[in-house]
Each structure stands twice: as C-alpha cells, then as structure tokens.
Amino acid sequence: MAAIRCIRTERSIRRLQQRTEHVEYDLVLTENAVISYERDFPLAKVWDMSVRAVALRCWFLYLHTDEGVFAFQTEESPDVFIDRYRNMKT
C-alpha cells in the first residue's frame, strides 16, 4: 500500500463573499484500487499514471483510466507513488 497527500480546492460564497479553502486528503494505492476522497478506481481499469510539474513544489498526478483522465494536485513528488503502481501492474 502507498499513499500520497493531495489537495483539492473548495470554493463557496457566504454573505456575498467568495471563500477559497484548500483541503488535504490522501490518494491511496492498494493491491486492487486507487482510492481518492470521492471514488475508487479499480486497478484493472487504470491504464497508466503520469506527472507534470507546474511549480517548484506543485505537481499534478494524472490517473489514466478507461473512463478518462483524472488529475490530482500534490505538493510532494509523486514519482515513488507512480513507481509502486507500475511495479504492481507488471
């Protein structure tokens, strides 16, 4: 099992004022699935993972599935997470 800390941005409006909140959660890789805060991705349906650095300490981890590509923002390098996934798939 492996996990990486990800960030999602939630926006809301209260009393005519927009609020932005960054919420942290774990993206977890198990023997059978990749589990996020809102859904599970069975490994049989995950084709690949890729990464794109967008700033000095900000990456997007892309999960390529049979339903499309899902992006996860992280402040830690996802290289180890991706390596573990690829080792599990072989």
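It should be noted that the structure appears before, not after, this text.
Everything numeric here is computed off the predicted structure, so don't read it as measured data. (Residues numbered from 1 in each chain as written. Predicted model: local features only at pLDDT ≥ 70, side-chain atom pairs only at ≥ 80, totals over all residues. Heavy atoms only, no water.)

(A) Local environment of the side chain of Ser36. Relative to the elements of secondary structure, Ser36 occurs in the loop between strand E3 (33-35) and strand E4 (40-42). Among all residues touching Ser36, those that are not within four sequence positions of it are Asp26, Leu27, Phe41 and Phe72. (Helix = DSSP H or I, 4+ residues; strand = E, 2+ residues; numbered from the N terminus. Contact = heavy atoms within 4.5 Å.)

(B) Quick look at the environment of Ile35. Along the chain, Ile35 turns up in strand E3. Look at Ile35 and you get partly exposed, because its relative accessible area is 29%. For Ile35 and Ala3, which are 32 residues apart along the polypeptide, the C-alpha to C-alpha distance reads 9.3 Å. Beyond its immediate stretch of four places on either side in the chain, Ile35 contacts Asp26, Leu27, Val28, Thr30 and Asp40. (Buried < 20%, exposed > 50% of the residue type's maximum accessible area, 1.4 Å probe, protein only.)

(C) Summary view of unusual backbone geometry. Unusually for a residue other than glycine, Arg15 sits at a positive phi of about 50°. By the element assignment, Arg15 lies in the loop between strand E1 (2-14) and strand E2 (17-29). The backbone of Leu16 sits at a positive phi, close to 65°, despite the residue not being glycine. Its place among the elements puts Leu16 in the loop between E1 and E2.

(D) The packing of aromatic side chains, seen in detail. Overall, the coordinates contain four aromatic pairs when judged by the stated rule. Relative to Phe70, the ring of Phe41 lies with its centre 4.9 Å away and its plane at 55°, an arrangement referred to as tilted. Of this pair, Phe41 sits in strand E4 while Phe70 is found in strand E7 (residues 68-74), placing the two residues 29 residues apart along the sequence. These aromatic residues form a ring-pair network of at least three members: Phe41, Phe70 and Phe72. (Phe/Tyr/Trp six-rings, centres within 6.5 Å; stacked < 30°, edge-to-face > 60°.)

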